Amino acid sequence: MSFTVAIDGPAAAGKGTISKAVATHFGFAHLDTGLLYRAVGRRTLEGVDALEAAQALTAEELEQGDLRTAEIAQAASKVAVLPEVRAALVDFQRAFSRRAGGAVLDGRDIGTVICPDAEVKLFVTASAEVRAERRFLELSAKGADVTREQVLADVRERDARDAERSTAPMKPAEDAVQLDTTDLSIEAALAKAVEVINVKLPATR
Ligand code: CDP
(Lines give C-alpha, C1' and ligand atoms only; values in the text may rest on other atoms or scores of the structure.)
Protein backbone atom coordinates (compact mmCIF):
# COMPACT_ATOMS: atom_id res chain seq x y z
CA MET A 1 0.00 0.00 0.00
CA SER A 2 1.53 3.34 -0.96
CA PHE A 3 1.23 6.56 1.03
CA THR A 4 2.93 9.69 -0.26
CA VAL A 5 3.95 12.77 1.68
CA ALA A 6 4.91 15.71 -0.56
CA ILE A 7 7.00 18.41 1.10
CA ASP A 8 7.74 21.53 -0.95
CA GLY A 9 9.08 24.98 -0.21
CA PRO A 10 11.84 27.51 -0.90
CA ALA A 11 15.57 27.08 -0.35
CA ALA A 12 16.70 26.12 3.16
CA ALA A 13 13.20 26.27 4.65
CA GLY A 14 13.79 23.10 6.65
CA LYS A 15 12.24 20.66 4.15
CA GLY A 16 15.17 18.27 4.34
CA THR A 17 15.28 18.08 8.12
CA ILE A 18 11.51 17.72 8.44
CA SER A 19 11.34 15.14 5.64
CA LYS A 20 14.07 12.97 7.15
CA ALA A 21 12.49 13.14 10.60
CA VAL A 22 9.01 12.36 9.22
CA ALA A 23 10.42 9.39 7.27
CA THR A 24 12.13 8.04 10.39
CA HIS A 25 9.03 8.60 12.54
CA PHE A 26 6.67 6.71 10.20
CA GLY A 27 9.20 4.27 8.70
CA PHE A 28 8.75 5.77 5.20
CA ALA A 29 11.43 5.97 2.50
CA HIS A 30 12.76 9.48 1.80
CA LEU A 31 13.85 11.10 -1.47
CA ASP A 32 15.45 14.55 -1.46
CA THR A 33 14.57 15.46 -5.06
CA GLY A 34 16.85 18.52 -4.88
CA LEU A 35 19.74 16.06 -5.08
CA LEU A 36 18.62 15.00 -8.58
CA TYR A 37 18.86 18.60 -9.81
CA ARG A 38 22.08 19.13 -7.89
CA ALA A 39 23.65 16.03 -9.46
CA VAL A 40 22.66 17.26 -12.94
CA GLY A 41 23.91 20.75 -12.06
CA ARG A 42 27.26 19.32 -10.98
CA ARG A 43 27.64 17.51 -14.30
CA THR A 44 27.04 20.80 -16.17
CA LEU A 45 29.82 22.42 -14.12
CA GLU A 46 32.02 19.63 -15.49
CA GLY A 47 30.98 20.58 -19.02
CA VAL A 48 28.34 17.91 -19.65
CA ASP A 49 25.09 18.84 -21.41
CA ALA A 50 22.22 19.16 -18.90
CA LEU A 51 19.77 16.91 -20.73
CA GLU A 52 22.39 14.21 -21.32
CA ALA A 53 23.29 14.36 -17.63
CA ALA A 54 19.62 14.07 -16.59
CA GLN A 55 18.99 11.13 -18.93
CA ALA A 56 22.10 9.30 -17.71
CA LEU A 57 21.64 10.07 -14.00
CA THR A 58 22.21 7.11 -11.65
CA ALA A 59 21.23 6.62 -8.01
CA GLU A 60 24.95 6.22 -7.18
CA GLU A 61 25.69 9.77 -8.35
CA LEU A 62 23.45 11.09 -5.58
CA GLU A 63 25.75 9.50 -3.00
CA GLN A 64 29.03 10.67 -4.52
CA GLY A 65 30.87 13.70 -3.10
CA ASP A 66 29.23 16.75 -1.54
CA LEU A 67 26.28 17.94 -3.61
CA ARG A 68 25.20 20.43 -0.96
CA THR A 69 27.57 23.28 -1.90
CA ALA A 70 26.53 26.84 -2.79
CA GLU A 71 27.99 26.54 -6.31
CA ILE A 72 26.09 23.33 -7.06
CA ALA A 73 22.86 24.83 -5.65
CA GLN A 74 23.04 27.63 -8.21
CA ALA A 75 23.86 25.22 -11.03
CA ALA A 76 20.92 23.05 -9.93
CA SER A 77 18.42 25.89 -10.10
CA LYS A 78 19.67 26.77 -13.60
CA VAL A 79 19.18 23.26 -14.99
CA ALA A 80 15.84 23.04 -13.13
CA VAL A 81 14.43 25.73 -15.44
CA LEU A 82 14.76 23.41 -18.47
CA PRO A 83 11.49 21.52 -19.20
CA GLU A 84 13.27 18.58 -20.86
CA VAL A 85 15.56 18.12 -17.86
CA ARG A 86 12.55 18.11 -15.52
CA ALA A 87 10.74 15.65 -17.79
CA ALA A 88 13.71 13.26 -17.73
CA LEU A 89 13.52 13.10 -13.93
CA VAL A 90 9.77 12.53 -13.54
CA ASP A 91 9.59 8.72 -13.82
CA PHE A 92 12.23 8.11 -11.16
CA GLN A 93 10.44 10.40 -8.70
CA ARG A 94 6.97 8.96 -9.38
CA ALA A 95 8.22 5.37 -9.05
CA PHE A 96 9.82 6.28 -5.74
CA SER A 97 6.60 7.91 -4.50
CA ARG A 98 4.64 4.68 -5.04
CA ARG A 99 6.96 2.49 -2.98
CA ALA A 100 5.13 0.08 -0.72
CA GLY A 101 5.36 1.19 2.88
CA GLY A 102 5.15 4.94 2.28
CA ALA A 103 7.41 7.63 0.84
CA VAL A 104 8.33 11.22 1.62
CA LEU A 105 9.58 13.37 -1.26
CA ASP A 106 10.79 16.91 -0.78
CA GLY A 107 11.37 19.52 -3.46
CA ARG A 108 9.58 22.35 -5.24
CA ASP A 109 6.91 20.71 -7.43
CA ILE A 110 6.12 17.46 -5.65
CA GLY A 111 2.59 18.40 -4.58
CA THR A 112 1.79 20.22 -7.81
CA VAL A 113 3.38 18.17 -10.62
CA ILE A 114 5.14 14.99 -9.51
CA CYS A 115 2.56 13.67 -7.01
CA PRO A 116 -0.65 15.70 -7.38
CA ASP A 117 -2.49 12.83 -5.64
CA ALA A 118 -0.19 12.69 -2.60
CA GLU A 119 -2.12 11.86 0.57
CA VAL A 120 -0.38 14.68 2.45
CA LYS A 121 1.09 17.91 1.06
CA LEU A 122 3.09 20.36 3.13
CA PHE A 123 4.53 23.65 1.97
CA VAL A 124 7.33 24.62 4.34
CA THR A 125 8.41 28.27 4.46
CA ALA A 126 10.37 30.71 6.62
CA SER A 127 11.54 34.27 6.12
CA ALA A 128 14.44 34.66 3.69
CA GLU A 129 16.64 35.97 6.51
CA VAL A 130 16.00 33.00 8.76
CA ARG A 131 16.53 30.56 5.89
CA ALA A 132 19.78 32.25 4.88
CA GLU A 133 21.02 32.15 8.48
CA ARG A 134 20.29 28.40 8.71
CA ARG A 135 22.06 27.74 5.41
CA PHE A 136 24.98 29.97 6.42
CA LEU A 137 25.47 27.96 9.63
CA GLU A 138 25.18 24.67 7.69
CA LEU A 139 27.75 25.72 5.06
CA SER A 140 30.14 27.29 7.59
CA ALA A 141 30.02 24.15 9.75
CA LYS A 142 31.41 22.26 6.73
CA GLY A 143 34.21 24.81 6.42
CA ALA A 144 32.81 26.60 3.34
CA ASP A 145 34.14 30.10 2.81
CA VAL A 146 30.86 32.06 2.64
CA THR A 147 29.40 35.23 4.16
CA ARG A 148 25.86 35.75 5.46
CA GLU A 149 25.28 38.39 2.76
CA GLN A 150 26.36 36.01 -0.01
CA VAL A 151 24.17 33.22 1.28
CA LEU A 152 21.13 35.54 1.56
CA ALA A 153 21.70 36.83 -1.98
CA ASP A 154 22.05 33.24 -3.26
CA VAL A 155 18.88 32.11 -1.54
CA ARG A 156 16.92 35.07 -2.93
CA GLU A 157 18.26 34.55 -6.44
CA ARG A 158 17.40 30.86 -6.41
CA ASP A 159 13.91 31.45 -4.96
CA ALA A 160 13.15 33.99 -7.68
CA ARG A 161 14.36 31.64 -10.43
CA ASP A 162 12.44 28.69 -8.93
CA ALA A 163 9.20 30.65 -8.49
CA GLU A 164 9.26 32.45 -11.83
CA ARG A 165 10.13 29.61 -14.22
CA SER A 166 7.33 28.57 -16.53
CA THR A 167 7.64 24.79 -16.07
CA ALA A 168 6.71 23.47 -12.63
CA PRO A 169 7.34 26.69 -10.73
CA MET A 170 7.71 26.49 -6.97
CA LYS A 171 4.29 27.17 -5.47
CA PRO A 172 2.04 25.62 -2.85
CA ALA A 173 -0.49 23.10 -4.16
CA GLU A 174 -4.05 24.28 -3.53
CA ASP A 175 -4.53 21.52 -0.99
CA ALA A 176 -1.14 21.95 0.75
CA VAL A 177 -0.90 22.69 4.45
CA GLN A 178 1.43 25.66 4.95
CA LEU A 179 4.05 25.36 7.67
CA ASP A 180 5.93 28.56 8.49
CA THR A 181 9.06 27.60 10.43
CA THR A 182 10.38 31.15 10.96
CA ASP A 183 9.64 31.00 14.68
CA LEU A 184 9.37 27.23 15.09
CA SER A 185 11.98 24.89 16.50
CA ILE A 186 12.68 21.73 14.52
CA GLU A 187 10.83 19.75 17.19
CA ALA A 188 7.76 22.00 16.89
CA ALA A 189 7.81 21.88 13.08
CA LEU A 190 8.13 18.09 13.15
CA ALA A 191 5.28 17.78 15.66
CA LYS A 192 3.04 19.81 13.37
CA ALA A 193 3.97 17.68 10.32
CA VAL A 194 3.34 14.45 12.26
CA GLU A 195 -0.06 15.78 13.37
CA VAL A 196 -1.10 16.54 9.76
CA ILE A 197 0.05 13.08 8.57
CA ASN A 198 -1.66 11.27 11.47
CA VAL A 199 -4.99 12.75 10.43
CA LYS A 200 -4.69 11.16 6.95
CA LEU A 201 -2.96 7.91 7.81
CA PRO A 202 -5.76 5.83 9.41
CA ALA A 203 -8.08 6.39 6.45
CA THR A 204 -5.67 4.65 4.08
CA ARG A 205 -4.37 1.82 6.26
O1 CDP B 1 18.24 22.41 0.03
P2 CDP B 1 17.69 23.57 -0.77
O3 CDP B 1 16.28 23.86 -0.38
O4 CDP B 1 18.57 24.76 -0.75
O5 CDP B 1 17.72 23.14 -2.31
P6 CDP B 1 17.38 21.73 -2.98
O7 CDP B 1 16.06 21.24 -2.49
O8 CDP B 1 18.55 20.83 -2.85
O9 CDP B 1 17.18 22.15 -4.53
C10 CDP B 1 18.22 22.71 -5.31
C11 CDP B 1 17.58 23.33 -6.53
O12 CDP B 1 17.01 22.28 -7.32
C13 CDP B 1 16.43 24.28 -6.26
O14 CDP B 1 16.84 25.63 -6.10
C15 CDP B 1 15.54 24.10 -7.49
O16 CDP B 1 15.92 24.95 -8.54
C17 CDP B 1 15.79 22.69 -7.92
N18 CDP B 1 14.70 21.78 -7.58
C19 CDP B 1 13.57 21.77 -8.38
O20 CDP B 1 13.48 22.55 -9.33
N21 CDP B 1 12.57 20.87 -8.16
C22 CDP B 1 12.65 20.02 -7.13
N23 CDP B 1 11.66 19.14 -6.94
C24 CDP B 1 13.76 20.04 -6.27
C25 CDP B 1 14.77 20.94 -6.51
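Residues numbered from 1 in each chain as written. Predicted model: local features only at pLDDT ≥ 70, side-chain atom pairs only at ≥ 80, totals over all residues. Heavy atoms only, no water.

### Digging into the pattern of salt bridges
Across all of its chains, the model carries 14 salt bridges by this definition. For Arg135, the salt bridge identified is with Glu138, shortest N-O distance 3.4 Å. Taken together, the positions of Arg135 and Glu138, both in helix α8 (residues 128-141) and three residues apart, correspond to about one turn of that helix. Overall, the relative accessible area of 35% leaves Glu138 in the partly exposed class. When salt bridges with common partners are traced through the structure, they connect Asp32, Arg68, Arg135 and Glu138 into a single cluster. (Salt bridge = Lys/Arg side-chain N within 4 Å of Asp/Glu carboxyl O. Helix = DSSP H or I, 4+ residues; strand = E, 2+ residues; numbered from the N terminus. Buried < 20%, exposed > 50% of the residue type's maximum accessible area, 1.4 Å probe, protein only.)

### Re helix α1 (residues 15-26)
Between its first and last C-alpha atoms α1 spans 16 Å; for twelve residues at 1.5 Å apiece the expected length is 16 Å, and the two agree. Restricting attention to buried positions, one finds in α1 the residues Lys15, Ile18, Ser19, Val22, Ala23 and Phe26. What you see down the axis of α1 is that its buried residues fit within an arc of 130°, all on one side. Facing away from the buried side of α1, by more than 90 degrees, are the exposed residues Lys20 and Thr24. (Expected span 1.5 Å × (residues − 1). Arc of directions from axis to C-beta.)

### Notes on the site of the ligand
In the vicinity of the ligand lie 19 residues, with Arg38, Arg68, Arg135, Arg158 and Asp162 positioned nearest. Measuring from an oxygen atom of the ligand, one finds a backbone N or O atom of Ala12 at 3.1 Å. Here the ligand has 530 Å² of accessible area as a free molecule, and 98% of this is covered by the chains. Secondary-structure elements contributing two or more residues to the shell around the ligand are α2 (34-45), α4 (70-79) and α9 (148-164). (Near = heavy atom within 4 Å. Polar contact = N/O pair within 3.5 Å; in protein donor to acceptor, adjacent residues only side chain to side chain. Areas by Shrake-Rupley, 256 points an atom, 1.4 Å probe, with all protein chains shown as cover.)

### Notes on the nonpolar core
One finds Val5, Ile18, Phe28 and Ile197 to be the most contacted residues of the largest nonpolar core, which totals 20 residues. For this core, the secondary structure elements donating two or more residues are β1 (4-8), α1, β4 (120-125) and α10 (186-204). A total of six residues in this core trace back to one element, the largest contributor, which is α10. Judged by nonpolar contacts, the second largest core, of 17 residues, contains Val40, Ala53, Ile72 and Val85. (Core = buried A, V, L, I, M, F, W, Y, C linked by side-chain atoms within 4.5 Å.)

### So, the packing of α4 against α9
Relative orientation of the contacting elements α4 and α9 amounts to 15°, with a least axis distance of 10 Å. Of the possible angle classes, the one that applies to α4 and α9 is roughly parallel. The crossing of α4 and α9 is left-handed. Within the contact between the two elements, α4 uses Ala70, Ala73, Gln74, Ser77 and Lys78 and α9 uses Asp154, Glu157, Arg158, Arg161 and Asp162. Within the contact of α4 with α9, the residues separate by chemical class into two nonpolar, two polar and six charged. (Axes fitted to C-alpha atoms, helices over the stretch in contact; angles between N-to-C directions. Parallel < 35°, antiparallel > 145°, perpendicular 65-115°, else oblique. Left-handed = near helix turned anticlockwise from the far one by under 90°. Contact = heavy atoms within 4.5 Å. Nonpolar A, V, L, I, M, F, W, Y, C, P; charged D, E, K, R; others polar.)

### Structural notes on the packing of aromatic side chains
A full pass over the atoms with the stated rule returns two aromatic pairs. On the basis of an interplanar angle of 35° and a centroid distance of 5.7 Å, the ring pair of Phe3 and Phe28 is categorised as tilted. Residue Phe3 is located in the segment before β1, and its partner Phe28 is located in the loop between α1 and β2 (29-32); the two are separated by 25 residues in the primary sequence. Taking the relative accessible area as the measure of exposure, Phe3 reaches 2% and is therefore buried. Geometrically, the ring pair formed by Phe26 and Phe28 is stacked, given 5.4 Å between the ring centres and 15° between the ring planes. Take Phe28: its relative accessible area is 7%, and that puts it in the buried class. Through a chain of ring-to-ring contacts, three or more aromatic side chains come together here, namely Phe3, Phe26 and Phe28. (Phe/Tyr/Trp six-rings, centres within 6.5 Å; stacked < 30°, edge-to-face > 60°.)

### Topic: the side chain of Asp8
One can find Asp8 in strand β1. Buried and unpaired, Asp8 has Arg108 as its nearest opposite-charge partner, separated by 6.7 Å. Within the structure, the side chain of Asp8 is placed 3.1 Å from the backbone nitrogen of Arg108, a separation counted as a polar contact. Not counting the four nearest positions on each side in its chain, Asp8 is found in contact with Lys15, Gly107, Arg108, Asp109, Ile110, Gly111, Leu122, Phe123 and Val124. (Lys, Arg positive; Asp, Glu negative; His and termini not counted.)

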